[in-house]
Amino acid sequence: MPTSSHKPPPDPGPPARKGSSTDAERAARCSTAVHGMAVEAVRIAETFVARASDPSAVTTDLLECTVQLTRLMEDTTAALVVRQRSRGEPLTDLEPVLKVSADRLRRKYPPRTVDRELATRKRPVLAFGSQRAVKRAMPKKASLRDPHQRLACALTLMWKQSGIPQRELALRMNIHRSYLSRILSGERSATLAYVELIAKECTAGTETEFATLLWKIAADDPVSTTDPAHTLRTYFQALNYAAGSPREDRLISSARRSITTAELRRAFHGPGVPQWTVYHRLATALQSKPEIALPLWRNATSDRGPVSSLPADAFG
């Protein structure tokens, strides 16, 4: 009987894995969550930097920051893995970065589980509860003449005028209410990011420049500017704001009528830059230290020489 020439079909092997399904809505949720966690991470990192900059910082306070950052990164990784899957992009692309196989990532981060965790997660709040937490040394009797207290007064005014409850403002800043209270009272220093955030949340944005400049002066941070005259005027406007924005006649009275209304307005708004004696008397009337403003005035007038029109004890 002749042998049949028909050959059996080749073995197709195991069925091919279906391509990843896409879920645009889930991918969008993950993207939003990642952005929010990135903002939280920056704020915690700012706090971490502020704490770690002091060698006497309490170890538990530093660890609190690292724990919160670690948890945030774990949650962010989960959201990014699910985002990759929901976009229909291969998990194998993540293997070189995470050093984990695609199968392991698929098992570790089920989309529905990650969805639930992201929906129920709470924003991290640093407790700042340690009584030994590092505080910047403040004078026993707070005075507006101290730059740190002047900044605290300005921030407190911004907060009070906004009508925002302190607890709500603390939540917006992602810090504990007690920590915010110490910033506003001047008992504790704040990073520039927190100072600008208070100004942003509590004002229409016009006072943010005041807060930034007062912080730089208090922190003895170099004030760089392309318009020195504007910076000088802004500093005195900020001093005036922190002092409660007294009326012109009260300021002139406080200066013992040694400056005129025209000089006062020119000092605040221009044009030009009045003589140093005007700013010296205005700073004194605003309960500020005149010597702090002297470098700003010199930059605004390109005057690097001595100010001979004042007595030697004028800066005491």
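Residues numbered from 1 in each chain as written. Predicted model: local features only at pLDDT ≥ 70, side-chain atom pairs only at ≥ 80, totals over all residues. Heavy atoms only, no water.

*Asks:* How should I be thinking about the overall build of the chain in this particular structure?
*Replies:* From N to C terminus, the chain includes 15 helices and zero strands. Looking at the 316 residues of the chain, the share that counts as buried comes to 40%. Look at the contacts in the chain between residues 6 or more apart in sequence, and 65% of them connect residues 24 or more apart. About 18500 Å² of surface is accessible on the chain, with carbon and sulfur atoms providing 53% of the total. (Helix = DSSP H or I, 4+ residues; strand = E, 2+ residues; numbered from the N terminus. Buried < 20%, exposed > 50% of the residue type's maximum accessible area, 1.4 Å probe, protein only. Contact = heavy atoms within 4.5 Å. Areas by Shrake-Rupley, 256 points an atom, 1.4 Å probe, with all protein chains shown as cover.)

*Asks:* I'm lost on the packing of aromatic side chains in this one. Help?
*Replies:* We describe a pair of aromatic rings using the distance from one ring centre to the other and the angle between the two ring planes. Under the definition given, this model contains five aromatic pairs. Ring centres 5.9 Å apart and planes at 50° place the aromatic pair Phe210 and Tyr241 in the tilted group. Here Phe210 is found in helix H10 (residues 208–218), whereas its partner Tyr241 is found in helix H11 (residues 228–242), with 31 residues between them in sequence. (Phe/Tyr/Trp six-rings, centres within 6.5 Å; stacked < 30°, edge-to-face > 60°.)

*Asks:* Looking at this model, I keep getting lost on the nonpolar core. Mind explaining?
*Replies:* Soluble, globular proteins show a tendency: their nonpolar side chains are buried together. Leu155, Tyr235 and Phe236 are the most contacted members of the largest nonpolar core, which totals 56 residues. For this core, the element with the highest residue contribution is H11, accounting for eight residues. Each residue touching Leu155, except ones within four places of it in the same chain, is listed here: Ile183, Leu184, Val195, Ile198 and Ala211. If you look at the next biggest cluster of nonpolar residues, it comprises 20 residues, including Val34, Ile44, Cys65 and Ala79. (Core = buried A, V, L, I, M, F, W, Y, C linked by side-chain atoms within 4.5 Å.)

*Asks:* Looking at this structure, I do not really get the pattern of salt bridges. What am I missing?
*Replies:* One pass over the full model with this rule turns up 12 salt bridges. Its salt-bridge partner being Arg29, residue Glu25 comes within 3.6 Å of it at the nearest N-O pair. In this pair, Glu25 and Arg29 are both assigned in helix H1 (residues 24–52), four residues apart and thus about one turn of the helix distant. Under the relative-accessibility criterion, Arg29 is labelled partly exposed at 40%. In this structure, Asp103 engages Arg106 in a salt bridge whose closest nitrogen and oxygen atoms are separated by 2.8 Å. (Salt bridge = Lys/Arg side-chain N within 4 Å of Asp/Glu carboxyl O.)

*Asks:* What should I look at first to understand the packing of H11 against helix H14 (residues 276–285) in this one?
*Replies:* Helix-helix packing is characterised by the crossing angle of the two axes and by the distance between the axes. One can describe the packing of H11 onto H14 by two numbers: an axis separation of 11 Å at closest approach and a directional angle of 25°. As summarised for this structure, H11 and H14 are arranged roughly parallel, according to the angle between their axes. The hand of the H11/H14 crossing is left-handed. Note on element contacts: H14 touches H11 through Tyr279, Leu282 and Ala283, opposite Leu232, Arg233 and Phe236. For the contact of H11 with H14, a count of residues per class yields five nonpolar, no polar and one charged. (Axes fitted to C-alpha atoms, helices over the stretch in contact; angles between N-to-C directions. Parallel < 35°, antiparallel > 145°, perpendicular 65-115°, else oblique. Left-handed = near helix turned anticlockwise from the far one by under 90°. Nonpolar A, V, L, I, M, F, W, Y, C, P; charged D, E, K, R; others polar.)

*Asks:* Honestly, the confidence of the model for the chain in this entry has me stumped. Any pointers?
*Replies:* The predicted coordinates should not be examined in detail at positions where pLDDT is low. For the chain, the average pLDDT comes to 82, and 81% of its residues sit at 70 or higher. Mean pLDDT in the chain bottoms out at H1, which sits at 83, and peaks at helix H13 (residues 261–269), which reaches 95. Every residue in residues 128–142 scores below 50 in pLDDT, and together they form 31 contacts with partners more than four places removed in sequence or on other chains. (pLDDT = per-residue confidence, 0-100.)

*Asks:* Where do I start with the environment of Pro228 in this structure?
*Replies:* Turning to its location among the elements, Pro228 is positioned in helix H11. Classification of Pro228 by relative accessible area gives partly exposed; the value is 25%. Non-local contacts of Pro228, meaning those with residues more than four positions away in its chain, are made with Asn299 and Ala300.

*Asks:* Explain the environment of Arg150 here, please?
*Replies:* Relative to the elements of secondary structure, Arg150 occurs in helix H6 (residues 147–162). Here the side chain of Arg150 touches Leu286 through a polar contact of 2.6 Å, landing on its backbone oxygen. (Polar contact = N/O pair within 3.5 Å; in protein donor to acceptor, adjacent residues only side chain to side chain.)

*Asks:* Can you help me understand unusual backbone geometry in this one?
*Replies:* Glycine aside, residues mostly have negative phi angles, and peptide bonds mostly take the trans form. Note that the residue after Gly270, namely Pro271, is joined by a cis bond; omega there is 5°. Mapped onto the secondary structure, Pro271 falls in the loop between H13 and H14. In this structure, Asp220 takes a positive phi of about 55° despite not being glycine. With respect to the helices, strands and loops of the structure, Asp220 is situated in the loop between H10 and H11. Even without glycine at this site, Arg256 takes up a positive phi of about 55°. Summarising the element assignment, Arg256 is placed in the loop between helix H12 (248–254) and H13. According to the relative accessible area criterion, Arg256 is exposed, its value standing at 77%.

*Asks:* Looking at this structure, how should I read the environment of Ala33?
*Replies:* With respect to the secondary-structure elements, Ala33 resides in helix H1. Owing to a relative accessible area of 18%, Ala33 belongs among the buried residues under this scheme. C-alpha separation for the pair Ala33 and Ala119, spaced 86 residues apart in sequence, amounts to 9.2 Å.

*Asks:* Just to check I follow, could you spell out the packing of H6 against helix H8 (residues 177–185) for this structure?
*Replies:* H8 packs onto H6 with a crossing angle of 120° between their chain directions and a minimal axis gap of 7 Å. With respect to H8, the element H6 is oriented oblique. Residues Gln149, Ala152, Leu155, Thr156 and Trp159 of H6 form the contact with H8, whose own contacting residues are Ile183, Leu184 and Ser185. When its residues are assigned to classes, the contact of H6 with H8 shows five nonpolar, three polar and no charged.

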